[in-house]
Structure formats: structure tokens, C-alpha cells
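Geometric and topological summary
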Amino acid sequence: MRLASCLLLTAAVSACPAPKSGETAPPVIHAESMPVGGPPGYAGAGPVIGGDKPSLPSATAVSATTPRIDELPPVFVDAAERITAAAQGRTRAWELLAVLSDTFGHRLSGSRALEKAIDWSIEQMKRDGLDNPRREKVMVPHWVRGAERARVVAPIERDLVILGLGGTVGGKVRGEIAVVDSLAEIATRGAELRGKIVVINQPMPRFDHERHETHYGDTVRIRGSGASEAAKVGATAVLVRSVTANSLRSPHTGALRYEDGVKKIPAAAVTLEDAELWLAWPAAARPRSSCRSGPRRCPTARAPTRSPSCGGASCPTRSW
């Protein structure tokens with residue numbers, strides 16, 4: 001059980017200022033090199049929390065070959081290897097992805113960026129020779145990210161890097177910090193968390209190449225259900241350790257799911273480094289923080305989707 005003291009939760013979508021002169025340096029996070037995917041020709045390694053040495057660039061290109069999975073029938077493995085071999089040296093998919101990401105950025109439902117991306121995708125389908133690309137009207141949720149900010153104010157002053165979880169309510173919350181190691185620990189500690197801001201510091205293990213296990217499914221539940229589980233015991237807000245094994249003090253977010261009949265409280269993702277920060281202080285230090293978030297939920301919006309026909313037959317409609 002670890003209690004930090006007093007966090008004021010407010011959200012903001014801007015880069016946090018660099019630490020001021022004289023601030024205590026953040027805890028050192030060690031890492032171990034690990035291959036990561038990338039475009040053809042990419043050679044590098046991503047930082048991994050929890051190793052015993054710094055992460056350094058790799059001088060050897062990362063192999064695209066994945067370990068054979070004995071549990072799968074050989075016919076499936078052979079088919080996957082043939083598809084992989086056929087894709088070697090082809091960069092068109094990466095090029096299209098780069099245009100989409102660099103030109104339009106994030107494409108939240110109901111946003112103008114989404115509509116522009118759909119316009120582009122329809123024109124690209126026409127250039128690629130698909131039959132009758134067209135729009136279809138779909139009603140989607142429209143959530144707009146607002147200003148977000150979080151800051152430790154004692155025993156040191158330090159900005160935290162946060163991102164509100166998709167769909168979170170906004171608000172300004174102040175209170176003690178209670179750090180838990182898992183979603184299950186929230187229910188176990190129960191009333192002890194009432195009136196507090198809960199930090200869920202559950203690490204996501206590194207990718208298991210031998211078993212082809214990402215551990216994502218087991219870990220992402222803290223993001224999807226953490227807010228409602230904490231609200232059930234009277235918590236005022238939730239900060240979730242980003243659901244990723246890699247970090248350059250970069251937060252990773254995604255959607256949450258509020259449970260019907262349970263009070264909605266603000267929720268945001270923090271970086272791996274910041275999630276570990278609270279553990280560096282003894283309970284007697286009574287660390288305090290302040291945060292603010294200002295997202296808003298707009299009326300349901302109409303979002304056109306693109307629906308091409310392929311070889312004379314309609315493809316399934318899907319949002320972009």
C-alpha cells in the first residue's frame with residue numbers, strides 16, 4: 001500500500017514545460033534493447049522499462065521473420081510466411097500510411113480531420129481502380145479533447161505528461177494520491193480509496209516472442225474499466241499507467257468505457273516514467289499534485305464512411 005498525497009487532476013493537451021532549474025531530477029528508468037517493427041530498411045531498438053542497461057541503437061537491421069508457432073497448423077504458418085515473403089521490398093502500404101498520418105493526423109470520430117481523410121481515401125481508391133467508391137452516412141460519438149495539465153507541487157515541482165482517456169469527462173480534481181498495482185487492488189482496498197485520486201501503476205510486460213504474446217489484452221483492462229472501478233469505491237479521478245512496454249516519457253491513450261449506473265470521473269494516461277515517480281517517494285513525503293482537464297462531449301455527429309466495390313461486389317462498410 002502506497003499513499004501519495006494530494007493530486008489536483010485537470011487535463012490539457014499541450015506539451016508540459018521542461019522542469020525548472022533546481023528541480024529534483026526524475027527517477028532513472030533503465031531499459032534493455034529490444035527489436036521493434038518499422039519500415040523496410042529500419043534498424044533500431046525501442047527503450048524497454050525494467051531492463052538492466054540503457055537502450056542503445058542497434059547496428060543490425062531487425063529481421064522481419066517471426067518465430068514459427070508450433071501450436072498453429074503448418075499450413076497456416078506456411079501461408080503466413082509466403083505472404084510475408086511476397087511483401088518484402090514493397091513500400092506502397094508504408095507510403096500510403098505516411099500520407100494519411102502526416103497529412104491528417106488523428107482522426108477522432110466526428111472531427112474535421114476524419115472527413116478530410118475520408119475525402120482523400122475515396123480519391124485514392126479511384127486512382128487505384130476500385131469500382132464506385134462512395135460515402136455512406138453513419139452516426140458516431142463526437143468527443144473533443146480539451147486542455148489538459150497535471151503537475152506535482154510537492155515535495156518537488158514537476159510537470160506530468162498526461163493524455164485524457166478517450167471519452168473521459170472533464171473536471172478539476174484535488175486530493176490525495178493512492179497508488180495501486182492492479183485493477184483488482186481497487187476493490188480490495190475499497191473504502192480506503194474514497195475521496196482520493198487513484199493511480200493504477202500496472203506494468204505491461206514486454207512482448208514474448210517465444211509465445212507470440214503481447215500481454216495487451218491482460219493489461220488494457222486498467223484503461224477500459226479503471227475509471228468505473230475506482231468510482232465504485234468513491235475515488236474522484238484516475239491516472240492510468242500507459243498501456244505499453246516502451247516509453248520516451250510519451251503517454252499512450254485509448255478509449256475508456258464508463259459502466260452504466262456508475263458515476264463518471266475524469267481519467268487520464270500518464271507516462272511510464274511518471275507512474276514510477278510516486279513510488280520513489282516514501283509515504284511520509286506526502287507528495288501533492290494538481291491537474292486539470294477540459295474535454296467535452298458534443299452531440300452525435302454524422303460521419304461519412306467510404307464504401308468501395310471490389311470487382312463488382314460490395315466490400316463491407318467500415319469507418320476510416
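Residues numbered from 1 in each chain as written. Predicted model: local features only at pLDDT ≥ 70, side-chain atom pairs only at ≥ 80, totals over all residues. Heavy atoms only, no water.

Describing helix α6 (residues 221-232)
Working note: α-helix, 3.6 residues per turn, so residues spaced by three or four point in the same direction. How we decide: Strands here mean DSSP runs of E at least two residues long; helices mean DSSP runs of H or I at least four residues long; both are numbered from the N terminus. Multiplying one less than the number of residues by 1.5 Å gives the expected span of a helix. Note on exposure labels: buried denotes an accessible area under 20% of the residue type's maximum, exposed denotes more than 50%, and partly exposed covers the range between, all computed with a 1.4 Å probe on protein chains only. The contact rule is simple, with two residues in contact once any of their heavy atoms fall within 4.5 Å.
In a regular helix each residue adds 1.5 Å, so 12 residues correspond to 16 Å; α6 covers 16 Å between its end C-alpha atoms and thus fits that length. Of the positions making up α6, those classed as buried are Ile 222, Arg 223, Gly 224, Gly 226, Ala 227, Ser 228, Ala 230 and Ala 231. Buried residues along α6 sit against α4 (183-189), β7 (197-200), α5 (216-219), β8 (237-241) and β9 (267-270).

A closer look at the pairing of β8
Stated formally: At least two DSSP bridges between two strands are needed for those strands to be called paired.
Taking burial as the measure, the five residues of β8 include five buried ones, the bulk of the element. Sheet topology places β7 next to β8; four bridges connect them, and they run parallel. Note on β8: the bridge partner recorded for Val 199 is Leu 239. Pairing analysis gives four bridges linking β8 to β9, with the strands arranged parallel. Of the residues in β9, the one forming a bridge with Leu 239 is Ala 268.

Notes on the environment of Gly 195
Take Gly 195: it is sitting in the loop between α4 and β7. Sequence separation of Gly 195 and Gly 234 is 39 residues, and the distance between their C-alpha atoms is 5.8 Å. The residues touching Gly 195, leaving out its near neighbours within four places in the chain, are Gly 175, Gly 234, Ala 235 and Thr 236.

A look at helix α2 (residues 92-104)
Between its terminal C-alpha atoms α2 stretches 18 Å, which fits the 18 Å expected from 13 residues at 1.5 Å a residue. Just past α2, the residue Gly 105 takes up positive phi, approximately 65 degrees.

Quick word on the confidence of the model for the chain
Close reading of the predicted structure is inappropriate where its pLDDT is low. Spelled out, the test is: The predictor rates its confidence in each residue with pLDDT, a number between 0 and 100.
Per-residue confidence for the chain gives a mean pLDDT of 75, with 66% of residues at or over 70. The weakest mean pLDDT in the chain belongs to strand β12 (residues 313-314) at 30; the strongest belongs to α6 at 97.

Describing the environment of Arg 241
For clarity, the cut-off: Counting of polar contacts relies on pairs of N or O atoms within 3.5 Å, with two restrictions inside protein: one atom must be capable of donating a hydrogen and the other of accepting it, and residues adjacent in sequence are counted only when both atoms are side-chain atoms.
Relative to the helices and strands, Arg 241 resides in strand β8. Looking at Arg 241, the relative accessible area reads 2%, which means it is buried. In this structure the side chain of Arg 241 is engaged in a polar contact, spanning 2.7 Å, whose partner is the side chain of Glu 276.

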